[in-house]
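Commentary on secondary and tertiary structure
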Amino acid sequence: MELTVLKNGNNVVKTTTYLALIYCIVISGAFISGYYFIAKEIRSVTEKMILIDTRGQVLESSVINSREGRIFEYENHVRLFYTYWYSFSESSFKNHIEAGLNLIGEKGKELYNEYKDQNVERLLSEKNLQCEVQITDIKININTLPVSGYIEGLQTIRRAKGIISRKLNVRFTLYDTDSRTKNNIHACKIDEWEIYESSVIKNDENGNE
């Protein structure tokens, strides 16, 4: 009788051990599967992004690769600066310069000092000048350190005597900032800004092109 009880007790212990072992294997498998799924989802999220403009509108309905999206942001950032810095009138000059300075680093002070030395703001008022730009090409090279590129366009200066247009092509570099702000939604700034071509292609004042 005692032997039977002991034998049954041993069977119970073995069964309990087997069940516990199976339970641990199942739980471990579930944990590993869950970890893999979560890691995959996190990787998917970090590799993709949705672009949103300053009004909070989604620029593209589909999710895009974050690398491609970053290039898009760099391009838009440079386009904004180029437009602010070379397109203005007497009434918009101060606002455009202020907005432009939020998009560029220390180089912005140097560029602004050049405008002050040339008395640009006074000339806008005295000669009733209006400056406009048309961007014709932009290229971002994300494989360089820092990120680099060029932007090409035309600047047209309108005045009472006529119109002057010039090619305005610039090389630049960019660096990332810590966060996005209202005045800098792309979380980057321009570092170097070098005009490599500035040539008049149309001068209606003299009747020449």
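Residues numbered from 1 in each chain as written. Predicted model: local features only at pLDDT ≥ 70, side-chain atom pairs only at ≥ 80, totals over all residues. Heavy atoms only, no water.

**Focus: the overall build of the protein**
- The helix and strand inventory of the protein stands at five helices and seven strands.
- Each helix and strand of the protein, placed in order from N terminus to C terminus, yields the pattern α-β-β-α-β-α-α-α-β-β-β-β.
- Burial statistics for the protein: of 209 residues in total, 28% are counted as buried.
- Put simply, 55% of the contacts in the protein that link residues at least 6 apart link residues at least 24 apart.
- Carbon and sulfur atoms form 53% of the exposed surface of the protein, whose accessible area is close to 14200 Å². (Helix = DSSP H or I, 4+ residues; strand = E, 2+ residues; numbered from the N terminus. Buried < 20%, exposed > 50% of the residue type's maximum accessible area, 1.4 Å probe, protein only. Contact = heavy atoms within 4.5 Å. Areas by Shrake-Rupley, 256 points an atom, 1.4 Å probe, with all protein chains shown as cover.)

**Digging into the side chain of Asn 169**
- Residue position: Asn 169 is located in strand E6 (residues 162–176).
- Within polar-contact distance, the side chain of Asn 169 engages the backbone nitrogen of Gly 153 at 3.3 Å.
- Of note is the side chain of Asn 169, whose polar atom sits 2.9 Å from the side chain of Glu 197.
- The residues touching Asn 169, leaving out its near neighbours within four places in the chain, are Ile 151, Glu 152, Gly 153, Glu 194, Ile 195, Tyr 196 and Glu 197. (Polar contact = N/O pair within 3.5 Å; in protein donor to acceptor, adjacent residues only side chain to side chain.)

**Notes on the pattern of salt bridges**
- Within the structure shown, the criterion is met by eight salt bridges.
- Two residues, Arg 70 and Glu 73, come together in a salt bridge whose shortest N-O distance is 2.8 Å. Taken together, the residues span about one helical turn, with Arg 70 and Glu 73 both in helix H2 (residues 66–86) at a distance of three residues.
- Where Glu 73 meets Arg 180, a salt bridge forms, and the shortest distance between an N and an O atom there is 2.6 Å. Remark: Arg 180 occurs in the loop between E6 and strand E7 (188–203) and Glu 73 occurs in helix H2; sequence separation between them is 107 residues. (Salt bridge = Lys/Arg side-chain N within 4 Å of Asp/Glu carboxyl O.)

**Here's the deal with the sheet that holds strand E3 (residues 88–89)**
- As summarised here, the arrangement of the five strands in space is E3-E4-E5-E6-E7, forming an open sheet in which the pairing is antiparallel. The sheet is open, and its two edges are formed by E3 and E7, each paired on a single side. (Pairing = 2+ DSSP bridges.)

**Digging into the nonpolar core**
- With 28 residues, the main nonpolar core has Phe 81, Tyr 115, Ile 151, Phe 172, Leu 174 and Trp 193 as its most contacted residues.
- Of all elements in the fold, only H2, helix H3 (93–101), helix H4 (107–117), helix H5 (120–126), strand E4 (130–141), strand E5 (147–159), E6 and E7 reach the threshold of two or more residues within this core.
- In terms of residue count, the dominant contributor to this core is H2 (six residues).
- The residues contacting Tyr 115, other than those within four sequence positions of it, are Trp 85, Tyr 86, Phe 88, Phe 93, Ile 97 and Val 120. (Core = buried A, V, L, I, M, F, W, Y, C linked by side-chain atoms within 4.5 Å.)

**A few points about the packing of H3 against H4**
- Across the interface, H3 lies against H4 with an axial gap of 10 Å and an inter-helix angle of 160°. The orientation of H3 relative to H4 falls into the category roughly antiparallel. You can see that H3 and H4 cross each other, and the crossing is right-handed. Here Phe 93, Ile 97 and Leu 101 of H3 come into contact with H4, specifically with Gly 108, Lys 109, Tyr 112 and Tyr 115.
- For the contact of H3 with H4, the per-class residue count stands at five nonpolar, one polar and one charged. (Axes fitted to C-alpha atoms, helices over the stretch in contact; angles between N-to-C directions. Parallel < 35°, antiparallel > 145°, perpendicular 65-115°, else oblique. Left-handed = near helix turned anticlockwise from the far one by under 90°. Nonpolar A, V, L, I, M, F, W, Y, C, P; charged D, E, K, R; others polar.)

**Examining H3**
- Three or more residues of H3 are buried, namely Phe 93, His 96, Ile 97, Ala 99 and Gly 100. Projected onto a plane normal to the axis of H3, the buried residues spread over an arc of 165° and lie on a single side. For H3, exposure combined with an orientation more than 90 degrees from the buried face picks out Lys 94, Asn 95 and Glu 98.
- Lining the buried residues of H3 we find H2, E3, H4 and H5. (Arc of directions from axis to C-beta.)

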